[in-house]
Amino acid sequence: MSRIEWTRYTGEDIESVVAMFISGDHPAAERITPSIGDGGIDVLVKTDKTRVYQVKKFAGPLSASQANQVKKSVDRLCADPRVKDLQVDEWHLVMPWDATLETKKWVTEYVTGKDLPEPIWDGLTQCDFWASKYPHIVDYYLGGNAERIRKMALSMVQGLRLKNIREEDVQSRDFSGFADELRETTEILNREDPFYSYGIHVEPQFKTPDRKDVREELTNIKPGVVLSTLMGDGQVSVRIDVYVKNQVASQLNPLKINVVMTAKRESEEETAIQDFRKFGSPMELSTGVSGSSTFPGGLGGDFENASVMVFPVSDIHEEEREQRLVLFDEEDCLVDSLVFQREYTTTGVPAGDLGPRGMESRLIDDCGVLGVRLRFDVDEQTSGMATTVHPPHGKLAIDVLPVLRFYQKMKAPNTLTFAPRFGPIPDLREPLMERDANITDLWVDVAEALKLIQEHTAQRLHFPNLEHMEEKSILEVLRAGTLLQGQTLTERMTLVATDHDSTVSDEVRTLTMLVPWRIELQGVSVNLGYLAYVFSGSLHQRDQELEGGRYDVWSVDDSKVLVRVLSEEEKKALPDIPTLGGSS
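Residues numbered from 1 in each chain as written. Predicted model: local features only at pLDDT ≥ 70, side-chain atom pairs only at ≥ 80, totals over all residues. Heavy atoms only, no water.

**Student:** How would you summarise the environment of Phe-340 if you had to cite specific residues and measurements?
**Tutor:** The topology assignment puts Phe-340 in strand E13 (residues 334-347). For the pair Phe-340 and Gly-371, spaced 31 residues apart in sequence, the C-alpha separation works out to 8.7 Å. Excluding residues within four positions of it along the chain, Phe-340 makes contact with Arg-321, Glu-322, Gln-323, Leu-325, Leu-363, Ile-364, Asp-365, Leu-370, Val-372 and Phe-406. (Helix = DSSP H or I, 4+ residues; strand = E, 2+ residues; numbered from the N terminus. Contact = heavy atoms within 4.5 Å.)

**Student:** An account of the pairing of strand E19 (residues 489-492) is requested, with residue identities and associated values reported.
**Tutor:** For a regular strand, the rule is simple: side chains alternate between the two faces of the sheet. Side chains of E19 alternate between two faces, with Leu-489 and Glu-491 buried and Thr-490 and Arg-492 left unburied. In terms of strand pairing, E19 meets strand E24 (residues 560-566) through four bridges, oriented antiparallel. Along E24, the bridge assignment pairs Leu-489 with Val-563. (Buried < 20%, exposed > 50% of the residue type's maximum accessible area, 1.4 Å probe, protein only. Pairing = 2+ DSSP bridges.)

**Student:** Kindly report on the sheet that holds strand E11 (residues 301-310), identifying the contributing residues and their values.
**Tutor:** Taken together, three strands build an open sheet; the order of strands is E9-E10-E11 and the sheet is antiparallel. The two strands at the open ends of the sheet, each matched to only one other strand, are strand E9 (256-261) and E11. Direction aside, neighbouring strands of the sheet carry axes that sit 45° apart on average. Pairing of strand E10 (residues 283-294) with E11, which is carried by seven bridges, proceeds in the antiparallel orientation. Note on E11: the bridge partner recorded for Met-283 is Val-310. (Axes fitted to C-alpha atoms, helices over the stretch in contact; angles between N-to-C directions.)

**Student:** Tell me about the pattern of salt bridges, residues and numbers included.
**Tutor:** Within this structure, the stated rule accounts for 23 salt bridges. Here Asp-48 and Arg-51 are joined by a salt bridge, their closest N and O atoms 3.4 Å apart. Residue class for Arg-51 comes out buried when judged on its relative accessible area of 10%. Salt-bridge contacts for Glu-322 lead to Arg-421; the nearest nitrogen and oxygen are separated by 2.7 Å. Of this pair, Glu-322 sits in strand E12 (residues 322-328) while Arg-421 sits in the loop between strand E17 (415-420) and strand E18 (430-431), and the two are 99 residues apart along the sequence. Salt bridges sharing common partners tie together Asp-48, Lys-49, Arg-51 and Glu-90. (Salt bridge = Lys/Arg side-chain N within 4 Å of Asp/Glu carboxyl O.)

**Student:** Residues and numbers for the pairing of strand E16 (residues 382-389), please.
**Tutor:** Examined bridge by bridge, strand E15 (residues 370-377) and E16 share eight bridges and lie antiparallel to one another. Each residue of the ladder has a partner; that of Arg-373, found in E16, is Ala-386. Taking the residues between adjacent antiparallel strands as the criterion, E15 and E16 are bridged by four residues, where Gln-381 takes a positive phi near 55°.

**Student:** Hey, could you go over helix H1 (residues 11-25) for me, with residue numbers and the actual values?
**Tutor:** Spanning 15 residues, H1 covers 21 Å between terminal C-alpha atoms, matching the ideal 21 Å at 1.5 Å per step. By the burial criterion, the buried members of H1 are Ile-14, Glu-15, Ser-16, Val-17, Val-18, Ala-19, Met-20, Phe-21, Ile-22 and Ser-23. (Expected span 1.5 Å × (residues − 1).)

**Student:** Provide a residue-level description of the packing of aromatic side chains, including the pertinent values.
**Tutor:** Under the criterion given, the structure shown has four aromatic pairs. Measuring from centroid to centroid gives 5.9 Å for Phe-21 and Trp-130, while their planes differ by 35°, and the two rings are tilted. Taken together, the residues span a long stretch of sequence, with Phe-21 in helix H1 and Trp-130 in helix H4 (residues 124-133) at a distance of 109 residues. Comparing Phe-21 with Trp-130 shows no difference in burial state: the two are buried. Both rings, one in Phe-21 and one in Tyr-134, keep their centres 6.3 Å apart while their planes meet at 20°; by these two values the pair is stacked. In this pair, Phe-21 sits in helix H1 while Tyr-134 sits in the loop between H4 and helix H5 (135-142), placing the two residues 113 residues apart along the sequence. Residues Phe-21 and Tyr-134 agree in their burial class; the two are buried. Over the aromatic face of Phe-328 sits the side chain of Arg-429, whose NZ or CZ is 3.7 Å from the ring centroid. Lying over the aromatic face of Tyr-407, Arg-435 brings its terminal NZ or CZ to 4.0 Å of the ring centre. (Phe/Tyr/Trp six-rings, centres within 6.5 Å; stacked < 30°, edge-to-face > 60°. Lys NZ or Arg CZ within 6 Å of the ring centre and 35° of its normal.)

**Student:** A description of the sheet that holds E13 should follow, citing residues and the corresponding values.
**Tutor:** Hydrogen bonds along the backbone pair up the strands of a sheet, which may run parallel or antiparallel. Reading across from one edge, E16-E15-E14-E13-E12-E17-E18 is the order of the seven strands in this open sheet, with antiparallel pairing throughout. Each edge of the open sheet is held by one strand with a lone partner, namely E16 and E18. Taken together, the seven bridges between strand E14 (residues 358-365) and E15 define a ladder with antiparallel strand orientation. Looking at the pairing, Glu-360 lines up with Arg-375 of E15. Packing against the sheet, helix H13 (residues 397-409) makes contact with E12, E13, E14, E15, E16 and E17, and its axis sits at approximately 95° to E13.

This is the structure in structure tokens:
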């Protein structure tokens, strides 16, 4: 390609091109928006090193005014309080002009005099090298190819570029040519578009998708996807995923949407719109949305009376993602703690020069059972917290138990503190609301019981859907949990039958008997050892023929039988204990 005539272009064009060049070398690069004060930084790269780039459009020897502009950029970097803690490893001055030794000398002296590292001059040679390395960026910005790329994307998206399908190919089911053409087209578009890459998935569709199908599809977004569109006609489903290539790309060519949302007063939809505008909350509206969108790949356009679902996606650093919630009692003693993952942090729609009027963040435990929504209202200068507990159906009982225990304690008079996962716990304590007993208390008891049963089987025990479980089965699980905790139960039995034993005296008043103990659970029989039944009583009938054999029948005093788990040591110390045959 021919060399670029840099003097023909504005400073904004050159800065945008250079920012894209740098993002090609460093995908984590971030362009600092000049409109809010760049702090002496045009492009910032924070990876193995912290690199600061200052970009100028100067394409020849610097005048006194231009030299002053360079100095002011350095001064802003050193004086701006927003970047006072930034440890700069490399400072780059970028312009399409190779400096003289004299110019490099005074720039070096000025920059190092401000306690910055020796500057790196990226001049005309470097700019031309970048241009040869990334010709598609030059073509897009400086060669007028933006419209060509948009048309190419639109052609692929709308027609999949499969214009000349031969009937014999379809009849022979020779689809390899179609796949090759689609792959080649996608490769070209992904190479030429400097901002976005595209993925297309075509599948048979056995029914017209409803809102639930769309919600499930669009909430299962792959990492890196910034836009996903699902189209279907009941026969074929086409999903188009759009990936942003780097941070600078999303800044220079952002996705834009203008909408008008209407809802009935005091309706759930009106509340959802207000929360979205103020806090950036997720929003789902079934109808009443009109507007237009500017999306890459020809995916935008006008729409009216549409439904909309907005799901926040936040780029949260790993050290900020993990959050520890800690509970304290009235004596300020630690009660419990649990690690949560921050799903997102959003801000509301900016209100003029005032900026966003609220902020929202959502935390979720690793099992996805307990969600915590935090909000800050800028206007009222107040914060609030709301919790959501999802049924733990299908999750490993041993995993959800700590979460359910934590939630059970997450109420007054206990208090709550937010802390990083590691390190000291702040002194601030947040009061909690009182809460009456509810279904989650039963969940805790069931999960406790399943955890103890899990110790006796390699079968993975999942938390059941209690609504689909018979009450008798639930009570059996709870009974097993109580016994495995070492508690003794008192059960009502009028008569007890034991295997006939002629050596047992009629005078015996207190009997202890063992029963093999198994429980049928989730399609598996779990061996829990032995239960000891102890009762006082008298012989009611000897050597009675009952179903399954001959038994001695005992009358139980007060109809009370004590039941508990017998340890192996106790079993060995009590030889020749009769086996319990039945009861009534």
